[in-house]
Amino acid sequence: MPPISCSEEIQGAWEGTEQELASRAIFANTAVDRIVPAQAPGQNLDVTVETFYEWVIDRTPFNGDEPAIPGATFVDELLPYIERKLFTVNTGHASAAYFGAASRELRRSPMRWLMSRSRRR
């Protein structure tokens, strides 16, 4: 099985021909989703991860000869998986930030907070 890299840095650093590189590695776009919760201080490189993960790989660079990789899913169109990941992760972060900011403003001046909301309508 050839190595799979999702980094174009290797392509830019390769000193051989493009054909030599293509015979040694496949550059498939991938989407990896795995949550790494907050780590204990001093944990160093012993990183804790959640058991759920998703590894989705664009199958087109393999020309129908995808390797068997446990846990990996090969797809024809990677964009929907990337968009779903960005939407779910970013929505959670944006919501937490918005409610945190609103809560801080509400505690500072409840009347100003209520008035600012009523003017938006």
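Scroll up a little and you will see the structure.
Residues numbered from 1 in each chain as written. Predicted model: local features only at pLDDT ≥ 70, side-chain atom pairs only at ≥ 80, totals over all residues. Heavy atoms only, no water.

**Let's talk about a nonpolar patch on the surface**
Together, V36, V47 and V49 line one region of the surface with nonpolar side chains, adding up to about 220 Å² of accessible area. When you line up the elements, V47 lands in the loop between β1 (30-34) and β2 (53-58). (Patch = residues over 30% accessible without salt bridge, like charges linked within 9 Å, V, L, I, M, F, W, Y side chains within 5 Å. Areas by Shrake-Rupley, 256 points an atom, 1.4 Å probe, with all protein chains shown as cover. Salt bridge = Lys/Arg side-chain N within 4 Å of Asp/Glu carboxyl O. Helix = DSSP H or I, 4+ residues; strand = E, 2+ residues; numbered from the N terminus.)

**Considering the nonpolar core**
Grouped together as the largest cluster of nonpolar side chains are 7 residues: I26, A28, I57, F62, I69, A72 and F74. Not counting residues up to four positions away in its chain, the partners in contact with A72 are W55 and I57. (Core = buried A, V, L, I, M, F, W, Y, C linked by side-chain atoms within 4.5 Å. Buried < 20%, exposed > 50% of the residue type's maximum accessible area, 1.4 Å probe, protein only. Contact = heavy atoms within 4.5 Å.)

**As for the pattern of salt bridges**
Overall, the coordinates contain 3 salt bridges when judged by the stated rule. For E54, the salt bridge identified is with R84, shortest N-O distance 2.2 Å. In this pair, E54 sits in strand β2 while R84 sits in helix α3 (residues 79-108), placing the two residues 30 residues apart along the sequence. Several salt bridges share partner residues, and in doing so they unite R59, E66 and D76 into one network.

**Looking at the sheet that holds strand β3 (residues 72-75)**
The mixed open sheet is built from 3 strands, whose spatial order is β1-β2-β3. Every interior strand has two partners, whereas the edge strands, β1 and β3, have only one. Sheet twist, expressed as the average angle between the axes of neighbouring strands with direction ignored, equals 20°. Looking at chain direction, β2 and β3 are connected through 4 bridges and run parallel. The partner of V56 across the bridge, within β3, is T73. (Pairing = 2+ DSSP bridges. Axes fitted to C-alpha atoms, helices over the stretch in contact; angles between N-to-C directions.)

**Digging into the side chain of D33**
Here D33 shows up in strand β1. Buried charge D33 goes without a salt bridge, the closest partner of opposite sign being K85 at 5.2 Å. (Lys, Arg positive; Asp, Glu negative; His and termini not counted.)

**Considering the packing of aromatic side chains**
Inspection of every chain in the model, using the stated rule, returns 2 aromatic pairs. Judged by centre distance (5.5 Å) and plane angle (90°), the ring pair of F62 and F74 falls under edge-to-face. Note that F62 is positioned in the loop between β2 and β3 and F74 in strand β3, a separation of 12 residues in sequence. Comparing F62 with F74, the two get one shared label, buried. (Phe/Tyr/Trp six-rings, centres within 6.5 Å; stacked < 30°, edge-to-face > 60°.)

**Some remarks on the side chain of E54**
A distance of 2.2 Å separates a polar atom in the side chain of E54 from a polar atom in the side chain of R84. Every residue in contact with E54, bar those within four places of it in the chain, is listed here: A31, V32, D33, Y81 and R84. (Polar contact = N/O pair within 3.5 Å; in protein donor to acceptor, adjacent residues only side chain to side chain.)

**Concerning the pairing of β2**
Note on strand geometry: in a regular strand, side chains alternate between the two faces of the sheet. Pairing analysis gives 5 bridges linking β1 to β2, with the strands arranged antiparallel. Directly across from A31, in β2, lies its bridge partner V56.

Keep in mind these values describe shape, not function.
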